[in-house]
Amino acid sequence: MSNDAALPKTVLITGASAGIGKALAHVFAQNNFDVVLVARREDKLKQVETDIKHKYGQMAYCLPEDLADPAAPQRIYDWCQQNHIQVDALVNNAGYALHDDFLQATWQSHLDFMQVLNISVVHLCHLFAPAMKERGYGRIINLASVAAWSPQLKGNLYGAAKSFILDFSQAIDLELQPYGVNCTALCPGFTFSEFHDVMGTRGSVSKLPRFLWMTAEEVAQEGFDAVMEGKPVHVNGRVNQGLSQVMAMLPSSVKYYISKQQKVM
Ligand SMILES: NC(=O)c1ccc[n+]([C@@H]2O[C@H](COP(=O)([O-])OP(=O)(O)OC[C@H]3O[C@@H](n4cnc5c(N)ncnc54)[C@H](OP(=O)(O)O)[C@@H]3O)[C@@H](O)[C@H]2O)c1
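Conventions and cut-offs
- Residues numbered from 1 in each chain as written.
- Predicted model: local features only at pLDDT ≥ 70, side-chain atom pairs only at ≥ 80, totals over all residues.
- Heavy atoms only, no water.
- Helix = DSSP H or I, 4+ residues; strand = E, 2+ residues; numbered from the N terminus.
- Rg over C-alpha atoms; globule rule 2.2 N^0.38 Å.
- Buried < 20%, exposed > 50% of the residue type's maximum accessible area, 1.4 Å probe, protein only.
- Contact = heavy atoms within 4.5 Å.
- Areas by Shrake-Rupley, 256 points an atom, 1.4 Å probe, with all protein chains shown as cover.
- Lys, Arg positive; Asp, Glu negative; His and termini not counted.
- Charge placed at Lys NZ, Arg CZ, Asp CG, Glu CD.
- Pairing = 2+ DSSP bridges.
- Disulfide = S-S within 2.5 Å.

Q: Lay out the overall build of the protein in plain terms, naming residues and giving numbers.
A: For the protein, the count of helices and strands is 10 helices and 9 strands. The globule rule puts the C-alpha radius of gyration for 265 residues at 18 Å, and the 18 Å found for the protein is close to it. Counting only C-alpha atoms, the protein reaches 55 × 40 × 35 Å along its principal axes. Expressed as a percentage of its 265 residues, the buried residues of the protein come to 48%. Considering only contacts in the protein between residues 6 or more positions apart, those separated by 24 or more positions represent 71%. Counting every atom, the protein has about 13,100 Å² of accessible surface; 56% of that belongs to carbon and sulfur. Across the protein, the mean location of the 22 positive side-chain charges is 7 Å away from that of the 25 negative side-chain charges.

Below, the structure written as structure tokens:
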């Protein structure tokens, strides 16, 4: 078993083609990690790969995969095994939100959503954590959100998916932390990225005040520091920390009432 911080290390990051995942790839590489970059858009991944090699001199590998495919996590694990890549840190970051009402969206789109946001996260942890435990070193970041505490949006699965990640991440941290493997549920609020363009809510959220927003780079740096410090949960930024503490104290009935007053963004 080794937990020598000086040994070369590798991080695997899903959703590394844009936003918070791309920023996390830069932060890990700056801290001497080689990076395995996973997402669907190969051209974007290649650009991140090139930037990381040039800027930090670390190894970078692109692995184009669609995490909506239930077979993708096993393929990712097998690729690492075949290429003798030891994954010391895992960042489950890929994600998006559906904007449709629950009944408007097709069943396939709900299945894909839960596969990407929840099942692939659990599957990748289940595949990569045993060797981390065996070696006595591992760092896992799972992207949750302040939405894990927020009042729900009508018919939207996003809050439920992120609550799951918040609970699951703490559960595996409790199991693995005695073996040198930390898992952090990272909980950003509004973050500048492609997220709201993909969701189709850019017009409405761009009216929100600037103090509610953070950059992807700020979120990524805090996430890296949090997992290295062994924090099981980290809410990004003072504003989101305050909001999430208030929301956590609200009774469910009050949150439900707030949800009823909300217009979907
Ligand atoms: N931005 C926010 O306000 C905010 C707030 C709280 C939490 N978060 C969470 O933070 C994480 C990152 O979001 P972001 O803001 O950085 O959004 P983003 O800029 O839209 O990036 C999302 C990433 O996920 C990848 N992705 C989406 N679907 C995928 C799939 N089926 N297979 C593989 N990769 C997929 C995208 O790559 P490809 O399109 O190339 O596949 C992209 O790299 C998400 O889990 C999100 O829920 C975001």
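Q: Got a sec to walk through the pairing of strand E2 (residues 33–39)? Specific residues and values, please.
A: Among the 7 residues in E2, 7 count as buried, and that is most of the element. Burial along E2 is two-sided: Phe33, Val35, Leu37 and Ala39 and Asp34, Val36 and Val38, pointing in opposite directions, are all buried. As paired strands, strand E1 (residues 9–14) and E2 are joined by 6 bridges and run parallel to one another. Pairing of Thr10 across the sheet is with Asp34, part of E2.

Q: Provide a residue-level description of the state of the cysteines, including the pertinent values.
A: Scanning all chains against the criterion turns up 0 disulfides. The closest cysteine sulfur to the non-disulfide-bonded Cys62 is located on Cys80, 13 Å from its own sulfur. Classification of Cys62 as buried rests on a relative accessible area of 13%.

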